[in-house]
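Okay, here's what each chain looks like letter by letter:
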Amino acid sequence: MKMKTRTLIIRVILFAATIVFLYFVPWPILQAWIVPLPDSIQKQVNKAEDYGFDGIIVCVNKKGNQSEFYTSGYKNRENKTPADPNSLFKIASVSKLYNALAVAKLVNDGKLSLEKTLADYLPELKGRIEYADKITLRMLVQHRSGIPNFTDTYMYWVAPKETTDEQLALVLDKPANFKPNEDYEYSNTNYLLLGRIMNRVLGYDKFEYIQKEILDPLNLKNTFSSIQEVNIDDVMSGYYVGYDKDLKTDNVGSMLATAEDLSKFIRALNDGSVFRNEKEQEIYSSIYGYEHTGLIPGYQTIAKYHKDIDVVVIQFTNTVNFDGYNWNMSEIMFNRIVKIVKEKE
């Protein structure tokens, strides 16, 4: 009798937990997750509108650096321009891969040291950024500095700053979020400062170095430093849920690339061909990763290499919000595409 009572109680608890789960988890997310996989990548990509995206570009880069493209929806929804696989896209934080790689190359050449501090390279920030004399370059690269993230300041994305001086000013003289190397916290300020350090050491803009040492050797001709360097008509439009304005002209400091260029870079990073020697690769491996995602108003990027099938998958979606719903949907879309690719390989 006791066993039956216990079993009944467990069933009631499980039933109640299921009801609670279904209540709090948005049905579209659950539905997108559980429905059977279609039999092709294109059929999955065609569901972009159901997922809440105005447009999507997917690049599947296979062995031999051969790329396949899949699109649906719009490059520009106002003009009903179809999504174009050759469009430029704001890749947001995925640019950190290029910058971390540039740091590794400069360390390998003896032009930077991972153990030198922020104050060593930018002495004017001592007293303006807490622990500037204890935060090393390694900590900046690995987001272990404790420096506040300027994009987390109040209402930042309502009126984004267009210059690094304005961005940095938002966190100067603010207390650290934690002591150097005692915790991890993702902070765009870290890479803003790494950019300044590279500019000062090089004596010219760090993107010129990225161009010469990374992009040109890989023949990546469709990767750019900012919206100011491109033909705006080549850029995929970006949208924020509930906001009608096209965000593609907003200069938020993001690099831009085509899906194919990004796929070739991710492959070169993972197969080692972007490195000049083993030491350089060891330096990079000790400080950063080999895949990334990016999210800014209007633009979501997922860029990953799947070693088990030797395939890079890039996904661009151009409709976002910051409450997590769209990001969850983009991850579901991406993971389902990867499953289809694996079934076909």
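Procedures and definitions
Residues numbered from 1 in each chain as written. Predicted model: local features only at pLDDT ≥ 70, side-chain atom pairs only at ≥ 80, totals over all residues. Heavy atoms only, no water. Helix = DSSP H or I, 4+ residues; strand = E, 2+ residues; numbered from the N terminus. Rg over C-alpha atoms; globule rule 2.2 N^0.38 Å. Contact = heavy atoms within 4.5 Å. Areas by Shrake-Rupley, 256 points an atom, 1.4 Å probe, with all protein chains shown as cover. Lys, Arg positive; Asp, Glu negative; His and termini not counted. Charge placed at Lys NZ, Arg CZ, Asp CG, Glu CD. Pairing = 2+ DSSP bridges. Phe/Tyr/Trp six-rings, centres within 6.5 Å; stacked < 30°, edge-to-face > 60°. Buried < 20%, exposed > 50% of the residue type's maximum accessible area, 1.4 Å probe, protein only. Lys NZ or Arg CZ within 6 Å of the ring centre and 35° of its normal.

Colleague: Describe the overall build of the chain, naming the residues involved and giving the relevant values.
Modeller: Check the secondary structure of the chain and you find twelve helices and eleven strands. Relative to the compact-globule value of 20 Å for 345 residues, the chain shows a C-alpha radius of gyration of 22 Å, a close match. With the C-alpha coordinates aligned to their principal axes, the bounding extent of the chain is approximately 70 × 50 × 45 Å. The long-range share in the chain, meaning contacts at least 24 apart out of those at least 6 apart in sequence, stands at 70%. Of the accessible surface of the chain, which amounts to about 17000 Å², a share of 52% is contributed by carbon and sulfur atoms. Across the chain, 41 positive and 44 negative side-chain charges occur, with their mean positions spaced 6 Å apart.

Colleague: So what's going on with the sheet that holds strand E5 (residues 223-224)? Which residues, and what values?
Modeller: Spatially, three strands are ordered E4-E7-E5 in an open sheet, and the strand pairing comes out antiparallel. A single partner strand is all that each edge strand has here, and the edge strands are strand E4 (89-90) and E5. Across two bridges, the pairing between E5 and strand E7 (residues 256-257) is antiparallel. Bridge assignment links Phe224 to a residue of E7, and that residue is Leu256.

Colleague: How would you explain the packing of aromatic side chains if you had to name every residue and give the values?
Modeller: In the structure shown here, the tally under the stated rule is ten aromatic pairs. Taken together, a centroid distance of 5.7 Å and an interplanar angle of 50° make the contact between Phe275 and Tyr284 tilted. Across this residue pair, the class does not change: Phe275 and Tyr284 are buried. Lying across the ring of Tyr239, Arg77 places its NZ or CZ 3.9 Å from the centre.

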